[in-house]
Amino acid sequence: MAENELTKGLTYNYLGADAAPTREERIQATTAFGGSCCGLKTGMGQGCLKFNSRKFAQGNGCQLTLALGIVRTFQNVVVIIHGPLGCASNNIGLAGFNKTARALKGKPVQDVVWMHTNLDERDVIDGGQQKLRDAVLYAEKEYRPDVIVVGNSCVPGIIGDDIDPLLDELDAQLSARVVPVHCEGFRSKFVASGYDAAYHGLLKKLADPPARYRRAVPNDVGAALLDAGEEYVRNRTVNLLNVGSTSYGDEVELSRLLTALGLKVNVLPLFGHIDEIARMGEAALNISICATHDDYLVGHLKERFGTEYIIDTLPIGIKNTNKWLRAIGKAMRLEKETENLIQLETSQLTEALEPLKAALKNKTVFVGGGETRIFTTAEFYQSLGMRVLGLKPHNFDHFAVPMIEEINDQDAVIDVAPGQPAEEMVILKKLKPDLYVGHGGANGWATKLGLTTTPLYGQSFNYMGYSGAFELARKAARAFQNTNLAKKIAANVALPFRKEWYESNPFDNIKEAQL
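Report on the accompanying structure.

Check the secondary structure of the chain and you find 22 helices and 18 strands. Here the chain has a C-alpha radius of gyration of 24 Å; the compact-globule value for 515 residues is 24 Å, and the two agree. With respect to the three principal axes, the spread of C-alpha positions in the chain is 70 × 65 × 45 Å. In the chain, which comprises 515 residues, the proportion classed as buried is 53%. Sequence separation of 24 or more characterises 75% of the internal contacts of the chain that already satisfy a separation of 6 or more. Approximately 22,200 Å² of the chain is accessible, and the part contributed by carbon and sulfur atoms is 52%. Across the chain, the 56 positively charged side chains and the 60 negatively charged ones have centroids separated by 5 Å.

Right, dumping it as structure tokens:
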């Protein structure tokens, strides 16, 4: 296969280090930009946005959350958070999610088993390694897991707990595989570095070289048939990569499309068994839905084991789903089958969307969230006759640069901001879009302004593939049927900032780097 354009020039051999490099070190990216689509593309091309910062910043996400969001779904795993108790708090709210997701997938329903080392002031002076040793030994004795994952938080990172030699020692002694995940939040402003942190631990401790089937008797005809059968299955087996922002409905829809092409689909690594994860390098193709999620994993598997991969676009909307399928069809030499599938699916969907387009035509929209997700979502709404007024990605890197051109109005506003609702509130109050599309927390802020909202993502919804496109359109059209709730909230709830703030330029807060 030809070299992937999005990952061209990147290397992935970092397993000699304890931790993955941060996104600041590894790729061209920014977390602070305010301007237009055109300005963002120009700035990324000149490489001058990488060192932008803010005069002040509100709370940001923590990469520990994203990293543990992957590893705690593994089957028969114990997660130990090495840090103060507060770093473990988000595990409580996700217990139900994990059990529900397992039940939907037909996998054994298990509680998330997590522990913490509860580091305190004394440990900051004396070190926390003994507490970590005790926790790992307790997890092995009490739960007999297949894997013990240690999420290293900020405090042990700052005080210099040298956890890797300790965990290597325990890994050699225990029946469970002991996996360190270095997700100290202070190391990076890019919360997406958490994906790399989880994959670094997985690749270092769990990924095995592909097993090669060998016949015991070279000239045995029966064995030769078995050999051919195994080769056929391997040549048709693909890994569909899922991390936290792929709903079960999305997995079903994308698996349906790939199966229609005659492919055998493994959905990994979330909720995978350790044996499935260990064999990820054996697939004919690793299929990513988002470079922000997966490039570290698939790039390494390609370099180390030669496993081919697809990183192209996120299959949201008709155009990007078609593009995603065509890339897979070309890689698997199934171009004709892919075109037949696309023709069948798009003809049916186009007809189904006609009544919804009438409700959405000429409406304006603002989309906030992960970079590839918001650009593909915005492109789809454009195709339905809506106009994109603005976008707010959590961060922006070179993986998403080609997507800027998909926005019709290159003067549309872009605020690259992880969190930062104070900036976003000013922008939304000035733009007044008919529809705001964002994550749950951001939708709450937008509702206070009287804006109609719809969720960018939800575990119980379907967004990807052709059925996901229909659902996106249906949700937006339904949101416009009754907009009174947001209006009444805006009329009765005070806004959180002073009046003068809403009249200011939020981009004055961004400090452009002096190169």
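There is more to say after this.
Further remarks concern the packing of aromatic side chains. Overall, the coordinates contain eleven aromatic pairs when judged by the stated rule. Of the aromatic side chains, those joined through ring pairs into one cluster are Tyr12, Tyr14 and Tyr296. One Lys or Arg, Arg373, reaches over the ring of Tyr463 and ends 5.1 Å from the middle of that ring. One residue, Lys448, lies across the ring of Trp445, its end atom 5.5 Å from the ring centre.

This paragraph deals with the pattern of salt bridges. Evaluated as defined, the whole model comprises 26 salt bridges. Among the salt bridges present, the one from Glu169 reaches Arg133, with a minimum N-O distance of 3.1 Å. Of this pair, Glu169 sits in helix α8 (residues 163-173) while Arg133 sits in helix α6 (residues 129-143), and the two are 36 residues apart along the sequence. Of the residues examined, Arg133 reaches a relative accessible area of 23% and is grouped as partly exposed. Look at the salt bridges and you will find they share partners, linking Arg23, Arg26, Asp196 and Asp295 into a network.

Another aspect to go through is the sheet that holds strand β8 (residues 237-242). The four strands are arranged β9-β8-β10-β11 in an open sheet whose pairing can be described as parallel. At either end of the open sheet lies a strand with only one pairing partner, and these are β9 (264-269) and β11 (309-310).

This brings us to the sheet that holds strand β4 (residues 77-82). Strand order in this open sheet of four strands is β5-β4-β6-β7, and the pairing throughout is parallel. With partners counted over all chains shown, the strands left at the sheet margins are β5 (113-116) and β7 (177-182), one partner each. Along the sheet, successive strands turn relative to each other by an average axial angle of 20 degrees, direction set aside. Pairing geometry for β4 and β5, over four bridges, is parallel. Considered in β5, the bridge of Ile81 is made with His116. Relative to β4, α6 is tilted by about 165 degrees, and along the sheet it contacts β4, β5, β6 (147-152) and β7.

Mapped onto the fold, Glu303 is located in helix α13 (residues 291-305). You can call Glu303 partly exposed: its relative accessible area is 42%. Each residue touching Glu303, except ones within four places of it in the same chain, is listed here: Leu10, Thr11, Tyr12 and Asn13.

Our focus in this paragraph is helix α14 (residues 317-331). Spacing of three or four residues puts side chains on the same side of an α-helix, whose turn is 3.6 residues. Its 15 residues place the ends of α14 21 Å apart at the C-alpha level, agreeing with the 21 Å of an ideal helix rising 1.5 Å per residue. Directly beyond the C-terminal end of α14, a positive phi value near 60 degrees is found at Arg333.

Right, let's get into the state of the cysteines. Under the counting rule described, the total for this entry stands at zero disulfides. Free of any disulfide, Cys37 has its nearest neighbouring cysteine sulfur in Cys38, separated by 8.6 Å. Left unpaired, Cys154 is separated from the closest cysteine sulfur, that of Cys62, by 5.7 Å.

Here α14 crosses helix α20 (residues 465-479) at 170 degrees, and the two axes come no closer than 9 Å. With respect to α20, the axis of α14 lies roughly antiparallel. For the pair α14 and α20, the contacting residues are Gly317, Thr321, Asn322 and Leu325 in the first and Gly465, Tyr466 and Ala469 in the second. For the contact of α14 with α20, the residue count by class is three nonpolar, four polar and no charged.

When you line up the elements, Ile510 lands in strand β18 (residues 510-511). Exposure remark for Ile510: the relative accessible area of 11% places this residue in the buried category. Counting along the chain gives 469 residues from Ile510 to Lys41, while the straight-line C-alpha distance between them is 17 Å. If sequence neighbours within four positions are ignored, Ile510 has contacts with Ala32, Phe33, Gly34, Asn52, Ser53, Arg54, Asp415 and Glu423.

A separate point is the packing of helix α11 (residues 248-260) against α14. Where α11 meets α14, the closest approach of the two axes is 11 Å, and the angle between their N-to-C directions is 45 degrees. Overall, the two elements α11 and α14 adopt an arrangement that is oblique. In this structure, α11 crosses over α14, and the sense of that crossing is right-handed. In this structure, α11 uses Leu254, Leu257 and Leu258 to contact α14, whose residues at the interface are Thr321, Trp324, Leu325 and Ile328. Looking at side-chain class alone, the contact of α11 with α14 contains six nonpolar, one polar and no charged residues.

An ideal rise of 1.5 Å per residue puts 21 Å on 15 residues; α20 measures up with 21 Å between its terminal C-alpha atoms. Burial runs high along α20: eleven of the 15 residues are buried. Those residues of α20 that sit buried are Gly465, Tyr466, Gly468, Ala469, Glu471, Leu472, Ala473, Lys475, Ala476, Ala477 and Ala479. Summarising the contacts, the buried residues of α20 are in contact with α11, α14, α15 (335-360), α16 (371-383), β16 (435-438) and β17 (452-455).

Turning our eyes to something else, we now look at unusual backbone geometry. For the peptide bond that leads from Leu268 to Pro269, omega is 0 degrees, which places it in the cis range. Looking at the element boundaries, Pro269 is found in strand β9. Unusually for a residue other than glycine, Asn118 sits at a positive phi of about 50 degrees. Of note, Asn118 is situated in the loop between β5 and α5 (121-126). Positioned with a positive phi, Phe271 is a non-glycine residue whose angle comes to about 65 degrees.

What counts and what doesn't
- The written sequence of each chain sets the order in which its residues are numbered from 1.
- The predicted origin of the model limits local features to residues at a pLDDT of at least 70 and limits the giving and counting of side-chain atom pairs to 80 or more, whereas totals for whole chains, interfaces and linings rest on all residues.
- The basis for the side-chain values is all heavy atoms of the structure; hydrogens and waters are excluded.
- A run of H or I in DSSP becomes a helix once it reaches four residues, and a run of E becomes a strand once it reaches two; helices and strands are each numbered from the N terminus.
- The reference for a compact globule is 2.2 Å times residues^0.38; the radius of gyration itself is calculated from the C-alpha atoms.
- Here's how the labels work: a residue is buried when its accessible area is under 20% of the maximum for its type, exposed when over 50%, partly exposed in between, all with a 1.4 Å probe on protein chains only.
- When checking whether two residues touch, look at their non-hydrogen atoms; a contact exists if any pair is within 4.5 Å.
- Accessible surface area values rest on a Shrake-Rupley calculation with a 1.4 Å probe, where residue burial reflects the displayed protein chains alone.
- When charges are counted, Lys and Arg contribute as positive and Asp and Glu as negative, whereas His and the chain ends are disregarded.
- Charge placement uses NZ in Lys and CZ in Arg. For Asp and Glu, CG and CD serve respectively.
- Each pair of aromatic rings taken from Phe, Tyr and Trp, with Trp reduced to its six-membered ring, is defined by centres within 6.5 Å and is described as stacked if the planes are under 30 degrees apart, edge-to-face if over 60, and tilted in the remaining cases.
- The criterion for a charge sitting over a ring is simple: Lys NZ or Arg CZ within 6 Å of the ring centre, and within 35 degrees of the ring normal.
- Salt bridges are identified by distance alone: a Lys or Arg side-chain nitrogen within 4 Å of an Asp or Glu carboxyl oxygen.
- A pair of strands is considered paired only if DSSP assigns at least 2 bridges between the two.
- Structural elements are reduced to axes, namely lines fitted to C-alpha atoms, with helices fitted over the stretch in contact, and the angle between N-to-C directions of any two is expressed from 0 to 180 degrees.
- Helices are assigned an expected span. That span is 1.5 Å times one less than the residue count.
- Criterion for a disulfide: a pair of cysteine sulfur atoms within 2.5 Å.
- For classification purposes, an angle smaller than 35 degrees is called roughly parallel, one larger than 145 roughly antiparallel, one from 65 to 115 roughly perpendicular, and anything else oblique.
- Just so you know the grouping, Ala, Val, Leu, Ile, Met, Phe, Trp, Tyr, Cys and Pro go in nonpolar, Asp, Glu, Lys and Arg go in charged, and all remaining residues, Gly too, go in polar.
- It is the rotation of the near helix from the far one that decides the hand of a crossing: anticlockwise by less than a right angle makes it left-handed, clockwise makes it right-handed.

Everything listed is a geometric property; what it means functionally is a separate question.
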